[in-house]
Amino acid sequence: MAVIRSVIRSVGAHLPKRVMTNADMMKIVDTSDEWIVERTGIRARHIADEDEKTSDLGIAASKQALVRAGIDPIDIDLVICATATPDRTFPATAVTIQRALGITKGAAFDVQAVCSGFVYALTIADNFLKAGQFKRAIVVGAETFSRILDWNDRGTCVLFGDGAGAVVLEAQPQHGTTEDRGILTTVIRSDGRFEDLLYVDGGPGSTKTVGHLRMNGREVFRHAVQKISGVIEEALVMTGFAPDEIDLYVPHQANKRILDGVVKKLGVEPDKIVVTLDRHGNTSAASIPLALNHAFEAHKLQEGSLVLMEAMGGGFTWGAVLARW
Ligand code: ACO
């Protein structure tokens, strides 16, 4: 049966030029390279300049994705930006990206699901494309987490960085089997009972300030492996694939130990997992497209590759997307 699938036409990414290593971190807070690497796997992160906004990172990533797809921006009718660090409270950062790309039709809006934002945004775009409401989408994950970090809190400031990634999706007729190209299934979940374990202590509607990121690291860690493994298993059951049939796992890049835990729980071969967090830390909604871009540039993504993306973040929110490249 012919169906419409959201085919991923390309990926692009952008990182700010300024790199902050663990040695640089040691000049700011009482920490060590050994502690950070051992507990998280992170060695460096990129930090946006004062005048470099989330939209600037998202625009650069989107432009690269559009050039690689060979698609004229005027043919894009949906722009979704997943971000927890928008340029302004409103309008949406997606609208700023839409404007910079010269797109004047369709719709543009932001999605706020923190580190799961890219998985949520892909899911939303996929549903719009499958429903026939839009034809081509840019889905961006862009963050400047450096702006919401408490630089006196060594428990959190060492973990995060800035960056952006984007994919271009196109609605294409496919056969309705799991051999199809494009997004094969999506799973998104949230549970607000855990909202106090990872949050920002400010906002326009409460403190009228931007606030700083606060986290109970141990509790987040405890939930992460279990919740991430759960949605991966759901995506596999929905499509009938076994864990070893997936060609590439592209996880949200939060912490190497969380990734190792998922690998162990699901029995996945470690070399099938894309790991980029060592060089850019946790970039929240940007981390999956950044890792996807890395895999693309390393020629690990061929047409037909089965790719599983997953994430968990504040809320808690979590989810997985299974796609054939
Ligand atoms: N450098 C040195 N020491 C530190 C640092 C640091 N940067 N940060 C904390 N410590 C100290 C603490 O003060 C504490 O010292 P104490 O025993 O003298 O009190 C000790 O290290 C242990 O602190 P814990 O917070 O218990 O350390 P833990 O082993 O839990 O590791 C970490 C902390 C790395 C944050 C861990 O809990 C974790 O990985 N959690 C997952 C959180 C995560 O990845 N969040 C990302 C966002 S959510 C997501 O994207 C999935």
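With that out of the way, let us pick up the pairing of strand S4 (residues 78–82). For a regular strand, side-chain orientation follows a simple rule: the groups alternate between the two sheet faces. Counting buried residues in S4 gives 5 out of 5 residues, a clear majority hidden from the surface. The alternating pattern of S4 places Leu78, Ile80 and Ala82 and Val79 and Cys81 on opposite faces, both of which are buried. Of the strand pairs in this sheet, S4 and strand S5 (residues 107–111) are connected by 5 bridges, and their pairing is parallel. The partner of valine 79 across the bridge, within S5, is alanine 108. One ladder, built from 5 bridges, connects S4 with strand S6 (residues 136–144); its direction is parallel. Residue pairing across strands places valine 79 opposite isoleucine 138, the latter belonging to S6.

Within a sheet, adjacent strands bond to each other through the backbone by hydrogen bonds, running parallel or antiparallel. Spatially, S1-S7-S6-S4-S5 is the arrangement adopted by the 5 strands of the open sheet, whose pairing is mixed. The open sheet has two edge strands, strand S1 (3–14) and S5, and neither has a second partner. Sheet twist, expressed as the average angle between the axes of neighbouring strands with direction ignored, equals 20°. In the packing of helix H3 (residues 54–69) onto the sheet, the strands contacted are S1, S6 and strand S7 (162–174), and the crossing angle to S1 comes to about 120°.

A few words on the sheet that holds strand S12 (residues 306–313). Here 4 strands make up an open sheet; going across it, the order is S8-S13-S12-S11 and the pairing mixed. Strand pairing shows two members of the sheet lacking a second neighbour, strand S8 (182–190) and strand S11 (248–251), which therefore form its edges. The sheet shows a mean angle of 15° between the axes of neighbouring strands, direction not considered. Alignment of S8 against strand S13 (residues 317–324), held across 8 bridges, turns out to be antiparallel. Across the sheet, residue threonine 186 finds its bridge partner in S13, namely valine 321. Where helix H5 (residues 117–130) meets the sheet, it contacts S8, S12 and S13, and its direction lies at approximately 125° from that of S8.

With that settled, consider the domain arrangement of the protein chain. Examined at the domain level, the protein chain breaks down into domain 1 (3–174) and domain 2 (182–324). A separation of 14 Å is found between the C-alpha centroids of domain 1 and domain 2. Between domain 1 and domain 2, the contact holds 54 residues from the first and 50 residues from the second. Both faces combined, the contact of domain 1 with domain 2 buries some 3,900 Å², and carbon together with sulfur accounts for 66% of it.

On to empty space enclosed by the protein, then. All told, the structure shown has 1 cavity of 30 Å³ or more when counted by the stated rule. Space inside the largest cavity adds up to approximately 50 Å³. Residue lining of the largest cavity: Ile232, Tyr249, Val250, Pro251, Leu259, Val262, Ile273, Leu308 and Glu310, and that is the complete set. Elements with a minimum of two residues in the lining of the largest cavity: S11, helix H8 (256–266) and S12. For the lining of the largest cavity, the leading source of residues is S11, giving 3 residues.

According to the stated counting rule, one finds 17 salt bridges in the structure shown. Note that aspartate 126 is salt-bridged to lysine 130, the shortest N-O span being 3.3 Å. Remark: lysine 130 and aspartate 126 occur in helix H5; sequence separation between them is 4 residues, near one turn of the helix. The class of aspartate 126 is buried, set by a relative accessible area of 2%. Residue lysine 130 is classed as partly exposed on the basis of its relative accessible area of 40%.

Closest axis-to-axis distance for the H3/helix H4 (residues 93–100) pair is 9 Å, and the angle between their directions is 45°. Taken as axis vectors, H3 and H4 run oblique relative to one another. For the element pair H3 and H4, the recorded crossing hand is right-handed. Each of Thr54, Ser55, Gly58, Ile59 and Ser62 in H3 lies in contact with H4, whose residues at this interface are Thr93, Thr96, Ile97 and Ala100. Here the residues of the contact of H3 with H4 sort into 3 nonpolar, 6 polar and no charged.

Before going further, it helps to examine the site of the ligand. Close contacts around the ligand come from 23 residues, with Thr31, Arg39, Arg154, His252 and Asn255 the closest. Contact between the ligand and threonine 31: a nitrogen atom at 2.7 Å from a side-chain N or O atom of the residue. Contact between the ligand and glycine 217: a nitrogen atom at 2.9 Å from a main-chain N or O atom of the residue. Considered on its own, the ligand offers 1,000 Å² of accessible surface; in the complex 75% of this is hidden by protein. At a threshold of 2 Å from the grid points, most atoms of the ligand map onto the second largest pocket.

The rules we used
Residues numbered from 1 in each chain as written. Predicted model: local features only at pLDDT ≥ 70, side-chain atom pairs only at ≥ 80, totals over all residues. Heavy atoms only, no water. Buried < 20%, exposed > 50% of the residue type's maximum accessible area, 1.4 Å probe, protein only. Helix = DSSP H or I, 4+ residues; strand = E, 2+ residues; numbered from the N terminus. Pairing = 2+ DSSP bridges. Axes fitted to C-alpha atoms, helices over the stretch in contact; angles between N-to-C directions. Contact = heavy atoms within 4.5 Å. Domains from an automatic or database assignment. Buried area = accessible area lost by both parts, 1.4 Å probe. 1 Å grid on protein atoms, 1.4 Å probe; cavity = no way out; pocket = protein on both sides within 12 Å on 5 of 7 lines; lining within 4 Å. Points joined across faces, edges and corners; volume = space filled by probe spheres on them. Salt bridge = Lys/Arg side-chain N within 4 Å of Asp/Glu carboxyl O. Parallel < 35°, antiparallel > 145°, perpendicular 65-115°, else oblique. Left-handed = near helix turned anticlockwise from the far one by under 90°. Nonpolar A, V, L, I, M, F, W, Y, C, P; charged D, E, K, R; others polar. Near = heavy atom within 4 Å. Polar contact = N/O pair within 3.5 Å; in protein donor to acceptor, adjacent residues only side chain to side chain. Areas by Shrake-Rupley, 256 points an atom, 1.4 Å probe, with all protein chains shown as cover. Sits in = over half its atoms within 2 Å of the grid points.

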